[in-house]
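Remarks on the overall topology
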Amino acid sequence: MQQVRLNDGNTIPQLGFGVFKVDPAKTERIVSDALQVGYRHIDTAAIYRNEEGVGKAIAASGIPRDELFITTKLWNDRHGDADRAVEESLEKLGLDRVDLYLVHWPAPKQNRFIEAWHALEGIRERGLATSIGVSNFAKHYLERLLPEASTVPAVNQIELHPYYQQRETTELAAAHNIRIEAWGPLGQGKYPLLELDEITGPAAAHGKTPAQVVLRWHLQLGHIVFPKTVSRERMAENFNVFDFELSDDELAAITALERGGRVSEHPDDFD
Ligand code: NAD
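I will try to describe carefully the structure that is included in this document. (Residues numbered from 1 in each chain as written. Predicted model: local features only at pLDDT ≥ 70, side-chain atom pairs only at ≥ 80, totals over all residues. Heavy atoms only, no water.)

With respect to helix H1 (residues 24-37)
- In this model, H1 (14 residues) spans 20 Å end to end at C-alpha, consistent with the 20 Å of a helix rising 1.5 Å per residue.
- What H1 keeps buried is the set Thr27, Ile30, Val31, Ser32, Asp33, Ala34 and Leu35.
- As for H1, its buried residues are in contact with strand S3 (17-18), strand S4 (41-43), helix H2 (51-61) and helix H9 (232-239).
- If you check the start of H1, you find a side-chain oxygen 2.9 Å away from the backbone N of Ala25, and it comes from Asp23.
- Where H1 ends, the next residue or the one after it, Gly38, has phi of about 130°, a positive value. (Helix = DSSP H or I, 4+ residues; strand = E, 2+ residues; numbered from the N terminus. Expected span 1.5 Å × (residues − 1). Buried < 20%, exposed > 50% of the residue type's maximum accessible area, 1.4 Å probe, protein only. Contact = heavy atoms within 4.5 Å. Polar contact = N/O pair within 3.5 Å; in protein donor to acceptor, adjacent residues only side chain to side chain.)

Observations regarding the pairing of strand S6 (residues 98-103)
- Counting buried positions over the six residues of S6 gives six, a clear majority of the element.
- As paired elements, strand S5 (residues 69-74) and S6 share four bridges and run parallel to each other. Residue pairing across strands places Thr72 opposite Tyr101, the latter belonging to S6.
- In the classification by handedness, the crossover that spans S6, the intervening helix H4 (residues 113-125) and the parallel strand S7 (residues 129-135) is right-handed. (Pairing = 2+ DSSP bridges. Right-handed = clockwise from strand over helix to strand, strands pointing away.)

Section: the packing of aromatic side chains
- Here the structure, examined in full by the defined rule, presents 10 aromatic pairs.
- Ring plane angle 55° and centroid distance 4.8 Å describe the contact between Tyr39 and Phe239, whose orientation is recorded as tilted. Of this pair, Tyr39 sits in the loop between H1 and S4 while Phe239 sits in helix H9, placing them 200 residues apart in sequence.
- Under the relative-accessibility criterion, Tyr39 is labelled buried at 0%. (Phe/Tyr/Trp six-rings, centres within 6.5 Å; stacked < 30°, edge-to-face > 60°.)

Notes on the site of the ligand
- Around the ligand sit 25 residues in total, of which Asp43, Ser135, Leu186, Gln188 and Asn238 are the nearest.
- A distance of 3.0 Å is found between an oxygen atom of the ligand and a backbone nitrogen or oxygen belonging to Gly184.
- Contact between the ligand and Leu186: an oxygen atom at 2.7 Å from a main-chain N or O atom of the residue.
- Considered on its own, the ligand offers 830 Å² of accessible surface; in the complex 88% of this is hidden by protein. (Near = heavy atom within 4 Å. Areas by Shrake-Rupley, 256 points an atom, 1.4 Å probe, with all protein chains shown as cover.)

Focus: the pairing of strand S9 (residues 179-183)
- In terms of residue burial, S9 counts as a mostly covered element, since four of its five residues are buried.
- Two strands pair when backbone bridges link them, and strand S8 (residues 155-159) and S9 are joined in this way by five bridges, in the parallel orientation. Across the sheet, Gln157 pairs through a bridge with Glu181, a residue of S9.
- A crossover connection joins S8 to the parallel S9 through helix H6 (residues 167-175); in handedness this β-α-β unit is right-handed.
- Relative to strand S10 (residues 224-225), S9 runs parallel, the two sharing two bridges. Residue Ala182 lies in a different strand from S10, and its bridge partner there is Val225.

Considerations on unusual backbone geometry
- In this structure, Ala107 is a non-glycine residue whose phi angle is positive, near 50°.
- With respect to the helices and strands, Ala107 occurs in the loop between S6 and H4.
- Given a relative accessible area of 0%, Ala107 falls into the buried group.
- Even without glycine at this site, Gln188 takes up a positive phi of about 55°.
- Looking at the secondary structure, you find Gln188 in the loop between S9 and helix H7 (197-206).
- Relative accessible area serves as the criterion here: at 29%, Gln188 is assigned to the partly exposed category.

Concerning the side chain of Asn50
- Tracing the backbone shows Asn50 in the loop between S4 and H2.
- The buried category is assigned to Asn50, whose relative accessible area is 0%.
- Here Val22 takes part through its backbone oxygen, which lies 3.2 Å from a polar atom of the side chain of Asn50.
- In this view, Asn50 contacts Val19, Val22, Pro24, Thr27 and Thr44; residues no more than four positions away in its chain are not counted.

Here we look at the nonpolar core
- Tyr101 and Leu120 are the most contacted members of the largest nonpolar core, which has 73 residues in total.
- Listed in part, the 10 residues of the second largest apolar core include Ile12, Leu100, Leu102 and Val155. (Core = buried A, V, L, I, M, F, W, Y, C linked by side-chain atoms within 4.5 Å.)

Have a look at this one:
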């Protein structure tokens, strides 16, 4: 698996498996499937309520801890209580540390995300999270956070797919060596991305599927991705994206699809 280096010196597998909306009762089975397919990076969150299932799959897998990369996230109602929140997540996951812990949303009405960030800095110092980062921090939130931060976030996990690429935010992140994790990498299936000529053309040319082309576009732009599926076949399909390369023209045609096409909540309106 291709690894990318974070600004704190740690590495992360560039492709992982996301478990948003994976039924807690089925999570152990689905994550076990993903680990058998070969995924070693799992992205969960306290609010997904499936950390226990992720933990059971990890324990049952027998895979050495240092070969796994596990991310979880601090929910919005715990910005003043991150120390206890991370301990609860660790207990559910059955781990003594996560590889990456994120402030899930800035939650601007509460206006406590800087306090939450300082708590994450302490959590990292205590070794409960190897790396720390943020999620859904649009440019104006990063601009508020960075002058206050002792630790620059290692990643910013944001909605990003061909119709919605958040250039202002990705440019500011790049200037601070903050890696972009693209959530909803396939647009959450909410628009016919996989039927567009810009995607199906390269798919036919390379003998790959449209989803593989979209994931490849992300990887070649340097994004970290963790597409979600409950189907083992699609897990394997999404994992099999390292044996071809999109040309510069193919990449540019997909990048030109940008149209401000957000498919989920805007951080300004989400507490
Ligand atoms: P996604 O873009 O990964 O889309 C998932 C949808 O695509 C599912 O409906 C699935 O059936 C379909 N799909 C998956 N593989 C396919 C394939 N090969 N062919 C056709 N369709 C396919 O959206 P997502 O789940 O929202 O995002 C991925 C992960 O990002 C999540 O599981 C979660 O870990 C993370 N996430 C984070 C946030 C955040 O606020 N930080 C928000 C949403 C998601």
